[in-house]
Amino acid sequence: MLVTIIGASGTSIQATYVLIFLIFAPSWKEKAKISGILFLLFLIFSTVALVSILALHGHKRKLFCGLVSAIVGISMYGSPLTIMRLVIKTKSVEYMPLFLSIFVFTCSITWLVYGLLGADPFIYVPNVVGALLGLVQLILYAVYRDKKQEVKKEAADESVKMELEYPNEEKLTDAQNQNATVH
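The rules behind each value
Residues numbered from 1 in each chain as written. Predicted model: local features only at pLDDT ≥ 70, side-chain atom pairs only at ≥ 80, totals over all residues. Heavy atoms only, no water. Phe/Tyr/Trp six-rings, centres within 6.5 Å; stacked < 30°, edge-to-face > 60°. Helix = DSSP H or I, 4+ residues; strand = E, 2+ residues; numbered from the N terminus. Buried < 20%, exposed > 50% of the residue type's maximum accessible area, 1.4 Å probe, protein only. Axes fitted to C-alpha atoms, helices over the stretch in contact; angles between N-to-C directions. Parallel < 35°, antiparallel > 145°, perpendicular 65-115°, else oblique. Left-handed = near helix turned anticlockwise from the far one by under 90°. Contact = heavy atoms within 4.5 Å. Nonpolar A, V, L, I, M, F, W, Y, C, P; charged D, E, K, R; others polar. UniProt positions renumbered as here; feature names shortened; annotations may be inferred. Core = buried A, V, L, I, M, F, W, Y, C linked by side-chain atoms within 4.5 Å.

What to know about the packing of aromatic side chains
And step 1. For the structure on display, the rule yields 1 aromatic pair.
And step 2. Both rings, one in Trp-111 and one in Tyr-114, keep their centres 5.2 Å apart while their planes meet at 80 degrees; by these two values the pair is edge-to-face. Taken as a pair, Trp-111 and Tyr-114 lie in helix 5 (residues 98-117) at a separation of 3 residues, close to a single helical turn.
And step 3. Owing to a relative accessible area of 36%, Tyr-114 belongs among the partly exposed residues under this scheme.

So, in structure tokens, the structure goes:
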């Protein structure tokens, strides 16, 4: 019952988030892309539900639904991998919120313990992966947290350097005009 309540609550919160995104998305292209993904997810969910209800019974149904849930859970915990790659590439945690990383780690640890206590591999296996990925996110945050300011400072320094080496055409034209009037 607890797993069902938590799953339903999470689904409701995520559905609200996606709906808000769809309402305020800056372009129709983004709205269409997210709507397509939602349709695909609805299709997959419907297929899983129909197969489990109509074709499987007892232990086979539990095994099928458990495997699908574990795959979805691992996918959820694995989704920040693209952001972690961006953090390493840019050496900045600007796009990886600290609280999200903390709660990914905390949530996965909590569910890991719950799964171990109930000896339910469909709960503890995805949460082992989630705990490890959450820990990696926190380590990345610790490593690159101060680099954000350094990267911005380096970019500003580079901009000033470029301005000194290659003044924009307007300034160059003004300087040439001044030289022409002096001579």
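On we go.
Thoughts on the packing of helix 4 (residues 81-90) against helix 6 (residues 121-144)
And step 1. Interhelical geometry of helix 4 versus helix 6 gives an angle of 20 degrees and a closest axis separation of 11 Å. Here helix 6 runs roughly parallel to helix 4, going by the angle between their axes. Pair helix 4 / helix 6 crosses with left-handed handedness. In contact with Leu-81, Met-84, Val-87 and Ile-88 of helix 4, helix 6 contributes Leu-133, Val-136, Gln-137, Leu-140 and Tyr-144.

Section: the packing of helix 2 (residues 28-55) against helix 3 (residues 59-78)
And step 1. Two elements in contact, helix 2 and helix 3, have axes whose closest approach is 9 Å; the angle formed by their N-to-C orientations is 165 degrees. When the axis of helix 2 is compared with that of helix 3, the two are roughly antiparallel. For the crossing formed where helix 2 meets helix 3, the hand is left-handed. Here helix 2 contributes Val-48, Val-51, Ser-52 and Ile-53 to the contact with helix 3, which in turn contributes Arg-61, Phe-64, Cys-65 and Val-68.
And step 2. Here the contact of helix 2 with helix 3 is composed, by residue class, of 6 nonpolar, 1 polar and 1 charged.

Notes on the UniProt feature "transmembrane region" (unreviewed entry) in the chain
And step 1. Within the UniProt annotation, "transmembrane region" (unreviewed entry) is assigned to residues 6-25, 37-57, 63-83, 95-117 and 123-144.
And step 2. Between the C-alpha atoms that bound residues 63-83 the distance is 32 Å, and the span itself is 90% helix and 0% strand.
And step 3. Along residues 123-144 the backbone is 100% helical and 0% strand, and the end-to-end C-alpha distance reaches 31 Å.

Structural notes on unusual backbone geometry
And step 1. Residue Lys-91 is not a glycine yet carries a positive backbone phi of 60 degrees.
And step 2. With respect to the secondary-structure elements, Lys-91 resides in the loop between helix 4 and helix 5.

Details of the nonpolar core
And step 1. Judged by nonpolar contacts, Tyr-77, Met-84, Val-87, Val-93, Met-96, Val-104, Leu-133, Leu-140, Tyr-141 and Tyr-144 together constitute the single largest core of 10 residues.
And step 2. Within the residue set of this core, elements represented by two or more residues are helix 4 and helix 6.
And step 3. Residue contributions to this core peak at 4 residues, all from helix 6.
And step 4. Not counting residues within four places of it along the chain, the set of residues in contact with Met-96 comprises Ile-83, Met-84, Val-87, Ser-101, Gln-137, Leu-140 and Tyr-141.

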